[in-house]
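Close look at the chain arrangement
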Amino acid sequence: MIQKTENIWFDGQLVPWDEARVHVLTHTLHYGVGVFEGIRSYKCKDGTSALFRLEEHVERLFNSARTVEMEIPFTEEAICQAIVDTLKANKMDQGYIRPLAFIGDGAMGVHPGENSIRVIIATWPWGTYLGEDALQSGIRVRTSSFTRHHVNVMMTKAKVAGNYVNSVLAKREAKADGYDEALMLDVDGYVSEATGENIFLVKHGKLKTPPLGSILGGITRDSIITMARDMGYEVTEQRFTRDELYMADEAFFCGTAAEVTPIREVDRRTIGQGKAGPNTLLFQSEYFKIVRGENMKYAEWLYDYEI
């Protein structure tokens, strides 16, 4: 369950959590055309707090909106400031942030007409997304029977609410079968991504991740690629098959919510030694150093604020 905080930013105003309401005929509730982001803030070693790659997340929010022909009635700068204001109002020195832009009520039917575009920003504490011991022990994954969207079926580069029906179905299937997460294949049968995370495999000390095709271009994914290359790793963005994943030395998911989560098993096949591998643990450790302000080489990725 979400841990409630005091305020939600709603169309330019801070309102009490339980008063952030919409009409039941809100267009996005019926047809799924809304765009959102997931952002984390972290407590840093110097006592300040920092949002990780805030501007990039907000830029992607606006790009997603443009893709589905929504005009957000605020500037990117205003949304960045509103996120900080909401964290401060909720006295949060770290946590999860969910901006959402959606089509309000008015016209009903597939075409939204001139319905207003509304925006909310909610913040709440959120620990390890895939389980408390997932970061060390790794998780169990199954290949989903549901295929990731074709690039001409949905706008796969946009973080659109309706896209995630695909993810919900896959996640429910995986959980019902006793797994922690689902792995999605693309329309040609190659590994794509998970329900809300990108995937990497490690083989002979080299990293491989699916290319930008049917996958969402994750900001954490981009961070891992940059960090790994700076550390001297060879990183390839290339399609790979399930059996190549089965034969990997290590594999892990990454994302804002999941951070860097090891995969210990896929489709009943043990990955590597069946636990978080040394490379994965290194990436995980270095990632947390970055987001907590302990590696100033990437200081430009941090958006500082104080409560």
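Residues numbered from 1 in each chain as written. Predicted model: local features only at pLDDT ≥ 70, side-chain atom pairs only at ≥ 80, totals over all residues. Heavy atoms only, no water.

The chain has the name Branched-chain-amino-acid aminotransferase in an unreviewed UniProt entry, where Desulfonatronospira thiodismutans ASO3-1 is given as its organism. Quoted verbatim from the Sequence similarities (unreviewed entry) heading of the UniProt record, the comment on the chain is "Belongs to the class-IV pyridoxal-phosphate-dependent aminotransferase family." Among the UniProt annotations of the chain, the heading Cofactor (unreviewed entry) holds the following wording: "pyridoxal 5'-phosphate". (UniProt positions renumbered as here; feature names shortened; annotations may be inferred.)

1. Let's talk about the packing of helix α6 (residues 219–230) against helix α8 (residues 278–291)
How two helices pack is summed up by the angle between their axes together with the distance between the axes. It is the contact of α6 with α8, at a shortest axis distance of 11 Å, that shows an interaxial angle of 105°. Comparing the axis directions of α6 and α8 gives the class roughly perpendicular. On α8, the residues touching Thr220, Ile224, Met227 and Ala228 of α6 are Phe283, Glu286, Tyr287 and Ile290. For the contact of α6 with α8, a count of residues per class yields six nonpolar, one polar and one charged. (Axes fitted to C-alpha atoms, helices over the stretch in contact; angles between N-to-C directions. Helix = DSSP H or I, 4+ residues; strand = E, 2+ residues; numbered from the N terminus. Parallel < 35°, antiparallel > 145°, perpendicular 65-115°, else oblique. Contact = heavy atoms within 4.5 Å. Nonpolar A, V, L, I, M, F, W, Y, C, P; charged D, E, K, R; others polar.)

2. Quick look at α8
Counted at 1.5 Å a residue, the expected span for α8 with its 14 residues is 20 Å, and the 20 Å between its end C-alpha atoms agrees. Every buried residue belonging to α8 is among Asn279, Thr280, Phe283, Gln284, Glu286, Tyr287, Phe288, Ile290 and Val291, and all of these are buried. Taken from the residues just after α8, glycine 293 is the one with a positive phi, measuring 70°. (Expected span 1.5 Å × (residues − 1). Buried < 20%, exposed > 50% of the residue type's maximum accessible area, 1.4 Å probe, protein only.)

3. Comments concerning the packing of aromatic side chains
Tallied over the entire structure, the rule returns 14 aromatic pairs. Both rings, one in tryptophan 9 and one in phenylalanine 74, keep their centres 5.0 Å apart while their planes meet at 65°; by these two values the pair is edge-to-face. Within this pair, whereas tryptophan 9 is found in strand β1 (residues 7–10), its partner phenylalanine 74 is found in the loop between α2 (54–67) and α3 (76–89), the two being separated by 65 residues in sequence. Taking the relative accessible area as the measure of exposure, tryptophan 9 reaches 7% and is therefore buried. Taking the relative accessible area as the measure of exposure, phenylalanine 74 reaches 23% and is therefore partly exposed. Put simply, the rings of Phe52, Tyr287, Phe288, Tyr298 and Trp301 touch in pairs and so form one group of aromatic residues. Residue placement shows arginine 140 over the ring face of tyrosine 179; its charged tip is 4.4 Å from the ring centre. When the ring centre of tyrosine 246 is taken as reference, the NZ or CZ atom of arginine 269 above it lies at 4.3 Å. (Phe/Tyr/Trp six-rings, centres within 6.5 Å; stacked < 30°, edge-to-face > 60°. Lys NZ or Arg CZ within 6 Å of the ring centre and 35° of its normal.)

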